[in-house]
Amino acid sequence: MPLFIPDDYTAKLAPETMEQAISHLKEIFPDKLARSLRLRRVTAPLFVLSGTGINDDLNGVERAVSFPVRDLGDRRAEVVHSLAKWKRMKLGAYKIAPGYGLYTDMNAIRADEELDNTHSLYVDQWDWERTIRPEERNLGFLKQIVEKIYDAMKAVEEEVYELFPHITPILPERIAFIQAEELLREFPGLTPKEREQAAARKYGALFLIGIGGALSNGEPHDGRAPDYDDWSTPTEEGCKGLNGDIIVWNPVLESAFELSSMGIRVDPEALERQLALRGCEQRREMEFHRLLLEGRLPLSIGGGIGQSRLCMFYLRCAHIGEVQVSIWPERMVAECAAHGIHLK
């Protein structure tokens with residue numbers, strides 16, 4: 001995605017006020033999320049051991065940043081991509097009951113990201129996971145959780161308005177739910193990203209359901225690893241997938257804007273099916289996968305919510321570098337500065 005420069009852009013807040021606003025948002029949002037979903041905070045790892053299957057491989061092509069650990073005989077560790085599987089293991093280790101869960105501040109390095117207005121080498125998320133019952137592994141329950149998260153997002157947007165009245169709320173009253181297959185039928189001539197663009201413009205906020213499994217055109221809407229979200233289980237509505245993304249319309253960037261990826265996690269049956277679909281059956285011998293297939297991990301639902309993405313959206317920033325410190329190409333820094341976008 002090329003760099004996008006909005007016409008006549010002016011930052012909504014002065015630099016010192018921006019820092020205060022970011023700090024405040026990072027305090028109030030996780031508190032609202034934790035209260036709504038009944039989560040408790042835990043400390044997260046920055047890296048995990050390679051070869052355990054605990055780290056996520058996202059779309060399967062991203063390289064993890066890794067390094068040898070001298071005191072472990074140079075066994076390699078790798079910086080996390082996300083904590084989907086690690087969180088599920090912690091639910092089991094802490095024996096967290098159904099209806100309750102945990103959240104953490106996840107920090108990651110994704111060296112293969114294409115840097116633009118919304119993508120950085122540095123990723124900061126609120127990663128959360130909640131234990132569920134077998135009867136809750138359905139689309140209706142997934143939608144209930146999405147609505148709770150969306151309500152928290154709207155409540156924080158209202159608080160931003162109370163603090164800064166010139167930043168008026170724009171999120172619609174309700175979030176729309178749309179299957180990826182429905183979106184394909186509505187916009188058959190568009191690419192997946194173009195379909196997201198059209199839907200976000202139309203609805204303002206949507207939860208796009210069913211990401212990872214093949215659609216009727218033989219292609220998935222987007223990639224998903226086979227071993228955390230369940231994207232291959234038929235639902236009661238006849239469509240496949242128990243996962244999705246929360247996407248909103250961003251008027252500053254004039255584009256769809258993903259805030260969260262989440263889903264009901266694989267059970268042993270879905271894991272076996274998805275490993276076979278992706279030709280990854282060898283993962284069955286890894287620590288995480290072995291525990292899951294042996295029934296030693298709880299059923300769960302979980303996801304990640306971008307911290308800098310949320311701050312960027314709430315404070316109407318044009319570039320993620322306005323709300324986080326990272327490394328940017330010199331040309332990008334100069335072009336942004338020339339249009340009043342100052343990267344940290």
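Further up the page is the structure itself.
Residues numbered from 1 in each chain as written. Predicted model: local features only at pLDDT ≥ 70, side-chain atom pairs only at ≥ 80, totals over all residues. Heavy atoms only, no water.

## Quick look at helix 1 (residues 15-37)
One turn of the α-helix equals 3.6 residues, which is why residues spaced by three or four share an orientation.
Turning to step 1, where the next piece is worked out: Between its terminal C-alpha atoms helix 1 stretches 33 Å, which fits the 33 Å expected from 23 residues at 1.5 Å a residue.
Turning to step 2, where the next piece is worked out: Taken as a whole, helix 1 has its buried residues at Met18, Ala21, Ile22, Leu25, Ile28, Phe29, Pro30, Leu33, Ala34 and Leu37.
Turning to step 3, where the next piece is worked out: Summarising the contacts, the buried residues of helix 1 are in contact with strand 1 (39-41), strand 5 (101-109), strand 6 (122-131), helix 3 (139-163), strand 11 (300-306) and helix 8 (307-314).
Turning to step 4, where the next piece is worked out: At the C-terminal side of helix 1, arginine 38 shows a positive phi close to 60°. (Helix = DSSP H or I, 4+ residues; strand = E, 2+ residues; numbered from the N terminus. Expected span 1.5 Å × (residues − 1). Buried < 20%, exposed > 50% of the residue type's maximum accessible area, 1.4 Å probe, protein only. Contact = heavy atoms within 4.5 Å.)

## Quick look at the sheet that holds strand 1
Turning to step 1, where the next piece is worked out: Read from one edge to the other, the open sheet built from 8 strands follows the order 1-5-6-11-10-9-8-7, with strand pairing classed as mixed. Where the open sheet ends on each side, the last strands, each with one partner, are strand 1 and strand 7 (176-179). Averaged over all neighbouring strand pairs, the angle between strand axes comes to 30°, with direction disregarded.
Turning to step 2, where the next piece is worked out: Bridge count between strand 8 (residues 205-209) and strand 9 (residues 243-250): 5 bridges; the pairing is antiparallel. Looking at strand 9, one finds that alanine 205 is bridged to valine 248.
Turning to step 3, where the next piece is worked out: Here helix 2 (residues 84-93) sits on the sheet and contacts strand 5, strand 6 and strand 11; the angle it forms with strand 6, its principal contact strand, is near 35°.
Turning to step 4, where the next piece is worked out: Packing against the sheet, helix 5 (residues 192-203) makes contact with strand 7, strand 8, strand 9 and strand 10 (255-264), and its axis sits at approximately 65° to strand 9. (Pairing = 2+ DSSP bridges. Axes fitted to C-alpha atoms, helices over the stretch in contact; angles between N-to-C directions.)

## Quick notes on the pairing of strand 9
Turning to step 1, where the next piece is worked out: Counting buried residues in strand 9 gives 8 out of 8 residues, a clear majority hidden from the surface.
Turning to step 2, where the next piece is worked out: Bridge analysis of strand 9 against strand 10 gives 8 bridges, and the strand direction is antiparallel. The residue bridging valine 248 from the neighbouring strand is phenylalanine 257, located in strand 10.
Turning to step 3, where the next piece is worked out: If you look at the hairpin formed by strand 9 and strand 10, you'll find 4 residues sitting between the two strands, and glutamate 254 has a positive phi there, around 55°.

## Overview of the pairing of strand 6
Turning to step 1, where the next piece is worked out: Counting buried positions over the 10 residues of strand 6 gives 9, a clear majority of the element.
Turning to step 2, where the next piece is worked out: The pairing of strand 5 with strand 6 spans 9 bridges and is classified as antiparallel. Within strand 6, the position partnered with alanine 108 by the bridge is valine 123.
Turning to step 3, where the next piece is worked out: For strand 6 and strand 11, the ladder comprises 7 bridges, and the chain directions are antiparallel. What sits directly across from glutamine 125, in strand 11, is glycine 306.

## Some thoughts on the packing of helix 1 against helix 8
Turning to step 1, where the next piece is worked out: Orientation of helix 1 relative to helix 8, taken along the N-to-C sense of each, is 115°, at an axis distance of 10 Å. Between helix 1 and helix 8 the crossing geometry is right-handed. For the pair helix 1 and helix 8, the contacting residues are Ile22, Leu25, Lys26 and Phe29 in the first and Gln307, Leu310, Cys311 and Tyr314 in the second.
Turning to step 2, where the next piece is worked out: Looking at the contact of helix 1 with helix 8 residue by residue, the classes come out as 6 nonpolar, 1 polar and 1 charged. (Left-handed = near helix turned anticlockwise from the far one by under 90°. Nonpolar A, V, L, I, M, F, W, Y, C, P; charged D, E, K, R; others polar.)

## Section: the pattern of salt bridges
Turning to step 1, where the next piece is worked out: Applying the stated criterion across every chain, the model contains 25 salt bridges.
Turning to step 2, where the next piece is worked out: A salt bridge links aspartate 71 to arginine 70; the nearest nitrogen and oxygen atoms lie 4.0 Å apart. Here aspartate 71 and arginine 70 have matching classes, each one exposed.
Turning to step 3, where the next piece is worked out: Put simply, aspartate 229 and arginine 224 hold a salt bridge, and the shortest N to O gap is 3.9 Å. (Salt bridge = Lys/Arg side-chain N within 4 Å of Asp/Glu carboxyl O.)

## Regarding the environment of threonine 52
Turning to step 1, where the next piece is worked out: Structurally, threonine 52 is set in the loop between strand 2 (47-49) and strand 3 (66-69).
Turning to step 2, where the next piece is worked out: Residue threonine 52 is classed as buried on the basis of its relative accessible area of 8%.
Turning to step 3, where the next piece is worked out: When sequence neighbours within four positions are dropped, the list of residues in contact with threonine 52 reads Arg75, Met286, Glu287 and Phe288.

## Overview of a negative patch on the surface
Turning to step 1, where the next piece is worked out: Residues Asp151, Glu158, Glu162 and Glu173 make up a contiguous surface patch of negative charge.
Turning to step 2, where the next piece is worked out: Structurally, aspartate 151 is set in helix 3.
Turning to step 3, where the next piece is worked out: Look at aspartate 151 and you get partly exposed, because its relative accessible area is 47%. (Patch = residues over 30% accessible without salt bridge, like charges linked within 9 Å, V, L, I, M, F, W, Y side chains within 5 Å. Areas by Shrake-Rupley, 256 points an atom, 1.4 Å probe, with all protein chains shown as cover. Lys, Arg positive; Asp, Glu negative; His and termini not counted. Charge placed at Lys NZ, Arg CZ, Asp CG, Glu CD.)

## Brief notes about the sheet that holds strand 4 (residues 75-79)
Turning to step 1, where the next piece is worked out: Strand order in the open sheet made by the 3 strands is 2-4-3, with antiparallel pairing throughout. Strand pairing shows two members of the sheet lacking a second neighbour, strand 2 and strand 3, which therefore form its edges. Across the sheet, the mean angle separating the axes of adjacent strands is 35° when strand polarity is ignored.
Turning to step 2, where the next piece is worked out: Sheet topology note: the strand 2/strand 4 ladder contains 3 bridges and is antiparallel. Across the sheet, phenylalanine 47 pairs through a bridge with valine 79, a residue of strand 4.

It is worth stressing that arrangement in space is one thing and function is another; only the former is reported here.
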